[in-house]
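# A structural walkthrough
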Amino acid sequence: MAAKDKHVILLVSQWCATCPDADALWRKLQAEYGFKYEVLDVAQPEGRMWAKKLVVRAVPSTIIDGKLVFVGVPDEAEARKAIES
């Protein structure tokens, strides 16, 4: 699957101090690779659904193509590798 065909969801919350850093990283990579990117708050229904489905217990959490891939702010090189694989 090409990087542009990936779907990245970042689960966040309003009280999360590191979520803006994760969002900035994924926005930077989204601009470069062109994948679909969504930010979902775990306090909202869609965010809660993903958190429950994947048993997410911390934010920020990154879901790529329906799979929980990162918890916390990923290293940029690791994030690139996940998008390119």
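For the structure itself, look to the data block above.
What you see is a predicted model, and the numbers here were worked out from it, not measured in a lab. (Residues numbered from 1 in each chain as written. Predicted model: local features only at pLDDT ≥ 70, side-chain atom pairs only at ≥ 80, totals over all residues. Heavy atoms only, no water.)

## Concerning the overall build of the protein chain
- Scanning the protein chain for helices and strands turns up three helices and four strands.
- Secondary structure of the protein chain in N-to-C order comes out as β-α-β-α-β-β-α.
- Against the globule reference of 12 Å for 85 residues, the protein chain gives a C-alpha radius of gyration of 12 Å, in line with a compact fold.
- Once the C-alpha set of the protein chain is aligned to its principal axes, its extents read approximately 30 × 25 × 15 Å.
- The proportion of buried residues among the 85 residues of the protein chain is 42%.
- If the 12 positive side-chain charges of the protein chain are averaged to one point and the 12 negative ones to another, these points end up 7 Å apart. (Helix = DSSP H or I, 4+ residues; strand = E, 2+ residues; numbered from the N terminus. Rg over C-alpha atoms; globule rule 2.2 N^0.38 Å. Buried < 20%, exposed > 50% of the residue type's maximum accessible area, 1.4 Å probe, protein only. Lys, Arg positive; Asp, Glu negative; His and termini not counted. Charge placed at Lys NZ, Arg CZ, Asp CG, Glu CD.)

## Describing the side chain of Thr62
- Here Thr62 lies in strand β3 (residues 61-64).
- In this structure the side chain of Thr62 is engaged in a polar contact, spanning 3.1 Å, whose partner is the side chain of Trp26. (Polar contact = N/O pair within 3.5 Å; in protein donor to acceptor, adjacent residues only side chain to side chain.)

## Considerations on the nonpolar core
- Counting residues in each nonpolar core, the largest one holds 26 residues, and the members touching the most others are Val8, Leu11, Trp26, Leu29, Phe35, Ile64 and Ile83.
- Looking at this core, the elements with two or more residues in it are β1 (7-12), α1 (19-33), β2 (36-41), α2 (45-53), β3 and α3 (76-84).
- Top contributing element to this core by residue count: α1, with six residues.
- In contact with Trp26, not counting residues within four places along its chain, are Val8, Leu10, Phe35, Tyr37, Thr62, Ile64, Phe70, Pro74, Ala79 and Ile83. (Core = buried A, V, L, I, M, F, W, Y, C linked by side-chain atoms within 4.5 Å. Contact = heavy atoms within 4.5 Å.)

## Let's talk about α3
- Buried within α3 are the following residues: Ala79, Arg80, Ala82 and Ile83. Looking straight down α3, one finds that the buried residues subtend no more than 160° of arc, so they occupy a single side. Facing away from the buried side of α3, by more than 90 degrees, are the exposed residues Ala77, Lys81 and Glu84.
- Against β1, α1, β3 and β4 (67-71) lie the buried residues of α3. (Arc of directions from axis to C-beta.)

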